[in-house]
Amino acid sequence: MTLTETTYWIVGASFLLYILIAIRSRAGTTQEFYVAGKGIHPVANGMATAADWMSAASFISMAGLIGLSYNGYGGSVFLMGWTGGYVILAMLIAPYLRKYGKFTVPEFIGDRYYSDTARVVAVICLIICSVTYVIGQMKGIGVAFSRFLETDYETGLFSGMVIVFFYAVLGGMKGITYTQIAQFCVLIFAYTVPAIFISLQLTGQPIPQLGLGSTLADGSYLLEKLDRTLLDLGFQEYTTSVRGSTLNMAAFTASLMIGTAGLPHVIIRFFTVPTVRAARTSAGWALVFIAILYTTAPAVAAMARLNIIQTLEPQPGQHLAIEERPTWFKNWEQTGLLGIEDKNADGRIQYSADPEQNELVTLDNDILVLANPEIANLPNWVIALVAAGGLAAAL
Amino acid sequence: MEQPDTSAVREIYWRENRRWMLILGVIWFTVSLGCGVLWVEPLNQIQIGGFKLGFWFAQQGAIYTFIVLIFVYAGVMARLEKRLGLEETEV
């Protein structure tokens, strides 16, 4: 079976699973549809919250942001910002909103300060937060669908939007906890399986979180090797390259934390468990499930970066010939998210930090996770699984 | 059930609640913005396995600590509500 066929089969099977679950859980009355959530176990609710929370941006984009454009340490702002914001939400906001009996922050602010003006200001803030969030999701949807359908990015984006729209509106499935749980399982399986494979390949350590701090086959530490290799290519060190300045890093992290704390679709999840006490425990479980992906992401980022460099330059000075470039390379060129330009006309690809010499002219952050298993030469079913995970996250 | 000392109970509840929020908030700040950003350079001098410590906090340690914080808060509040008889009944 070819890769394309395998991908269609696995993606098709995962979609079928969500639809079946959705149909089965819709068996009850309309009223049950809305309040059924109240009887959900905290662990199950935590899993559903995690799926709701980790959408396309976390699954598809984050590791690429960390590994490529933020060059390692600089990308920590996303890891700490998004999970740190979740802590504020779970400790300081959601339990109190629930106690107060309001579903959203603007409602609470309007009532608490007896002011419609305050309420409008809160709504505007919320819209800005949510639109920013949706832009990220849409980019992820475009990338996932353009690769899946083997089209250019724009076509992928529009077909993806249509599918997501029908999925969310017609089925009303997004609200169903058990579909979310199924999506979480597909998503986390798809994220961790390739990471485990790659960690084993590079370091012999099956747990990617530990693999990141382990040694490679040549006896040097993975992170040290990456630091050195990047310095040789003219980049900054992976483990210390700050984004902007320390002040910028702190402000960036803090703003991501605060923005995250207000996301309405996560707050609503605290209303689907029986008591406030259960809501607090459920928040902890949600973070456990989120952390599985968030602590794997930095390992994926570093390992994929190293793999890309070693594909392009297996030995120092020995660059990959354009004609010999692997299939994944050509697949991604189709989407327009990866591009080469033979500037010095030697028929080989030189990757460098210097824009004058760099011949890997386009390397979109968002392809890192999806291309990762192909870069590491993993079997077809793993590549297909990642595609299914990317689509699960996008829904 | 009528409780004569409701306001006193509430005051204890809020005082304890605020105290724990402060303690956990300080830890929250220390591991993320502290160890992960502000003091990352000195911490990077310490190497554990293949990790520089500051880098580890920024990409791994802070997240593990966050999980512990939420569970500690949930546990503390549950115990407090039980002690003060403020437990919610399931609806």
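Residues numbered from 1 in each chain as written. Chains lettered and ligands numbered in written order. Predicted model: local features only at pLDDT ≥ 70, side-chain atom pairs only at ≥ 80, totals over all residues.

**A closer look at the overall build of chain A**
Here is step 1 of the chain: Summing up its helical and strand segments, chain A has 17 helices and four strands in all.
Here is step 2 of the chain: Its C-alpha atoms give chain A a radius of gyration of 22 Å, near enough to 21 Å, the size a compact globule of 395 residues would have.
Here is step 3 of the chain: Reported as C-alpha extents along the three principal axes, the dimensions of chain A are approximately 70 × 50 × 40 Å.
Here is step 4 of the chain: Burial status across chain A gives 47% buried among its 395 residues.
Here is step 5 of the chain: Pairs at least 24 residues apart make up 74% of the contacts formed inside chain A by residues separated by at least 6 positions. (Helix = DSSP H or I, 4+ residues; strand = E, 2+ residues; numbered from the N terminus. Rg over C-alpha atoms; globule rule 2.2 N^0.38 Å. Buried ≥ 20, exposed ≤ 12 C-beta atoms within 10 Å, placed from the backbone. Contact = placed C-beta atoms within 7 Å.)

**Here we look at the packing of helix H4 (residues 56-69) of chain A against helix H7 (residues 116-148) of chain A**
All names here are of chain A.
Here is step 1 of the chain: It is the contact of H4 with H7, at a shortest axis distance of 9 Å, that shows an interaxial angle of 75°. Comparing their axes, H7 and H4 come out roughly perpendicular. Within the contact between the two elements, H4 uses Ala-56, Ala-57, Ile-60 and Ser-61 and H7 uses Gly-136, Gln-137, Lys-139, Gly-140, Ile-141, Val-143 and Ala-144.
Here is step 2 of the chain: When its residues are assigned to classes, the contact of H4 with H7 shows six nonpolar, four polar and one charged. (Axes fitted to C-alpha atoms, helices over the stretch in contact; angles between N-to-C directions. Parallel < 35°, antiparallel > 145°, perpendicular 65-115°, else oblique. Nonpolar A, V, L, I, M, F, W, Y, C, P; charged D, E, K, R; others polar.)

**Things to note about the nonpolar core**
Here is step 1 of the chain: Membership of the largest hydrophobic core comes to 126 residues, with the highest contact counts inside it found for Ala-144, Leu-187, Ile-290, Ala-302 and Ala-388 of chain A together with Ile-70 of chain B.
Here is step 2 of the chain: Sorting elements by how many residues they give to this core places helix H14 (residues 276-312) of chain A first, with 19 residues.
Here is step 3 of the chain: When neighbours within four sequence positions are excluded, Ile-70 of chain B is seen to be in contact with Val-87, Ala-90, Met-91, Ala-283, Gly-284 and Leu-287 of chain A.
Here is step 4 of the chain: Leu-320, Ile-340, Ile-349 and Tyr-351 of chain A belong to the second largest nonpolar core, which has five residues in total. (Core = buried A, V, L, I, M, F, W, Y, C linked by C-beta atoms within 7 Å.)

**So, helix H16 (residues 368-375) of chain A**
Residues and elements named next belong to chain A.
Here is step 1 of the chain: Taking burial as the measure, the eight residues of H16 include eight buried ones, the bulk of the element.
Here is step 2 of the chain: If you check which residues of H16 are buried, you get Leu-368, Val-369, Leu-370, Ala-371, Asn-372, Pro-373, Glu-374 and Ile-375.
Here is step 3 of the chain: Looking at the packing, one finds that the buried side of H16 touches H4, H7, helix H9 (177-203), H14, helix H15 (327-335) and helix H17 (380-394).
Here is step 4 of the chain: Positive phi shows up at Asn-377, right after H16, with a value of about 60°.

**Topic: the interface of chain B and chain A**
Here is step 1 of the chain: Every contact between the two is made by 32 residues of chain B and, on the other side, 39 residues of chain A.
Here is step 2 of the chain: Elements that contribute at least two residues to the side of chain B that touches chain A include exactly helix H1 (6-38), strand S2 (51-52) and helix H3 (53-83) of chain B.
Here is step 3 of the chain: For the side of chain B that touches chain A, the element with the most residues is H3 of chain B, which contributes 16 residues.
Here is step 4 of the chain: Split into classes, the residues belonging to the side of chain B that touches chain A amount to 21 nonpolar, seven polar and four charged.

**Let's talk about unusual backbone geometry**
Trans peptide bonds make up most of the peptide bonds, and negative phi angles are found at most residues other than glycine.
Residue and element names in this part refer to chain A.
Here is step 1 of the chain: Positive phi is not limited to glycine here, since Asn-71 has a value of about 50°.
Here is step 2 of the chain: Its place among the elements puts Asn-71 in the loop between H4 and helix H5 (76-100).
Here is step 3 of the chain: Backbone geometry places Tyr-114, a non-glycine residue, at a positive phi of 45°.
Here is step 4 of the chain: Tracing the sequence through the fold places Tyr-114 in the loop between helix H6 (105-112) and H7.
Here is step 5 of the chain: The class of Tyr-114 is exposed, set by 8 C-beta atoms lying within 10 Å.

**Some remarks on H6 of chain A**
All names here are of chain A.
Here is step 1 of the chain: Where H6 is concerned, the buried positions are Val-105, Pro-106 and Gly-110. Buried positions in H6, seen along its axis, are confined to an arc of 130° and lie on one side of it.
Here is step 2 of the chain: Contacts made by the buried residues of H6 are with H7.
Here is step 3 of the chain: Tyr-114 sits one or two residues past H6 and shows a positive phi near 45°. (Arc of directions from axis to C-beta.)

**Here we look at the confidence of the model for chain A**
Residues and elements named next belong to chain A.
Here is step 1 of the chain: Mean pLDDT for chain A: 86, with 94% of residues reaching 70 or above.
Here is step 2 of the chain: Within chain A, helix H10 (residues 208-211) carries the highest mean pLDDT (96), whereas helix H2 (residues 30-35) carries the lowest (49).
Here is step 3 of the chain: Segment residues 33-37: pLDDT under 50, and five contacts once partners within four positions in sequence are set aside and those in other chains are kept. (pLDDT = per-residue confidence, 0-100.)

**Observations concerning the environment of Phe-329 of chain A**
All names here are of chain A.
Here is step 1 of the chain: Mapping Phe-329 onto the fold places it in helix H15.
Here is step 2 of the chain: Judged by local crowding, Phe-329 falls into the buried class, with 20 C-beta atoms found within 10 Å.
Here is step 3 of the chain: A C-alpha to C-alpha distance of 46 Å links Phe-329 and Leu-92, two positions 237 residues apart in sequence.

**Quick notes on the environment of Ile-70 of chain B**
Residue and element names in this part refer to chain B.
Here is step 1 of the chain: Structurally, the position occupied by Ile-70 is in helix H3.
Here is step 2 of the chain: Judged by the 25 C-beta atoms lying within 10 Å of it, Ile-70 falls in the buried class.
Here is step 3 of the chain: Sequence-wise, Ile-70 and Ser-7 are 63 residues apart; in three dimensions their C-alpha atoms are separated by 27 Å.

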